[in-house]
Amino acid sequence: MTARLLEGKFFAAKLREEAGQRAAKLKEKYGITPGLAVIIVGENPASQVYVRNKHKACTELGFYSEAVELPETTSRSELLAEIQRLNNDDKIHGILVQLPLPKALQPYESEVLEAIDPLKDVDGFHPVNVGRLVTGQNALIPCTPHGCIRMLELADIPMEGANAVVIGRSNIVGKPMLHLLLGKNATVTICHSRTRNLAEIVRQADIVVAAVGKPKFVTADMIKPGATVIDVGINRIAPKKLVGDVDFEAVKEIAGAITPVPGGVGLLTIAMLMQNTVAAAELQLKK
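Residues numbered from 1 in each chain as written. Predicted model: local features only at pLDDT ≥ 70, side-chain atom pairs only at ≥ 80, totals over all residues. Heavy atoms only, no water.

Draft legend 1. Local environment of the pairing of strand S9 (residues 235-238). Taken together, the three bridges between S9 and strand S10 (residues 241-243) define a ladder with antiparallel strand orientation. Its bridge partner lying in S10, Ala238 is registered against Lys241. Counted between consecutive antiparallel strands, the loop separating S9 from S10 contains two residues. (Pairing = 2+ DSSP bridges. Helix = DSSP H or I, 4+ residues; strand = E, 2+ residues; numbered from the N terminus.)

In structure tokens form, the structure reads like this:
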């Protein structure tokens, strides 16, 4: 039996619709239009595509959108000053610094992300928001793992009491995914490159989240029949060929539900960024 396909476009449309409805209420009740500023330093082609897509999503939902394009030669102090300007701008409710930064600025990445006001940190990377997530408080949550959780909810896939295995321990996906699943009362194991008996552990899972960054790393013999498999990986194996961290063609014959790559989790990330921008505007209203 072939797995149910969890297509990102379906869930992303629902999440964008939710964001638009929440934004309309803010506009109607308080006269507030959610505003997102994206800072891009240098001319990384992939980053430029991401920034255009974020601007397009804002425009479609009627948000205020500002793209701050800075040259490759931008200094640490100039970048921090730009972030401070946006922290103080009432039109801007969310600030995102597009990564990766140019090589000269990469040593300051943590300082740059921590300079963003936690209430405007729509990436959810600030230590204050990480701490709030870990302790179960209201927080701005990283978009990709939050999108995965919302997709599971919308797909009516039960998390409470489920055995969940997260493969990968990054600050962007793996670690926040662990805490989000715990918050849904799943029993969670997090695996990584040093995990022993990885396949045996993954085979116990009702929900598998693959975020390891290795093409086709999760194979069919690692999956329990009927499990839900969420593939967060995006790996380019040829100029026009993208694959996930899961061997999709083989695993779909075993799993109960699976996300494709492309066309899966990636489409949820910008939808959740729109949700986070609205959430940030709501949090600042309460401040």
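Draft legend 2. Region of the structure containing the sheet that holds strand S2 (residues 35-41). Taken in spatial order, the three strands line up as S3-S2-S4 in an open sheet, and their pairing is parallel. Looking at strand neighbours, the two that pair on one side only are strand S3 (64-70) and strand S4 (94-97), the edges of this open sheet. Geometrically, the sheet is characterised by an average inter-axis angle of 15 degrees between neighbouring strands, direction not taken into account. Of the pairings in the sheet, the one linking S2 to S3 comprises seven bridges and is parallel in character. The residue of S3 that forms the bridge with Val41 is Leu70. Strands in contact with helix H3 (residues 76-87) are S2, S3 and S4; relative to S3, the strand with the most contacts, it is inclined by about 165 degrees. (Axes fitted to C-alpha atoms, helices over the stretch in contact; angles between N-to-C directions. Contact = heavy atoms within 4.5 Å.)

Draft legend 3. View of the sheet that holds strand S5 (residues 163-167). Taken together, six strands build an open sheet; the order of strands is S1-S11-S8-S7-S5-S6 and the sheet is parallel. At either end of the open sheet lies a strand with only one pairing partner, and these are strand S1 (4-5) and strand S6 (187-191). For S5 and S6, the ladder comprises five bridges, and the chain directions are parallel. Among the inter-strand pairings, Asn163 is bridged to a residue of S6, identified as Thr187. Against the sheet, helix H7 (residues 174-183) touches S5, S6 and strand S7 (207-210), its axis set at about 170 degrees to S6.

Draft legend 4. Quick peek at the side chain of Thr259. Structurally, Thr259 can be placed in the loop between strand S11 (257-258) and helix H10 (266-286). At a separation of 2.8 Å, a polar atom in the side chain of Thr259 contacts the main-chain amide nitrogen of Asp231. If sequence neighbours within four positions are ignored, Thr259 has contacts with Leu6, Met151, Val229, Ile230, Asp231, Phe248, Gly264 and Val265. (Polar contact = N/O pair within 3.5 Å; in protein donor to acceptor, adjacent residues only side chain to side chain.)

So far we have only geometry, and geometry alone does not tell us how the molecule works.
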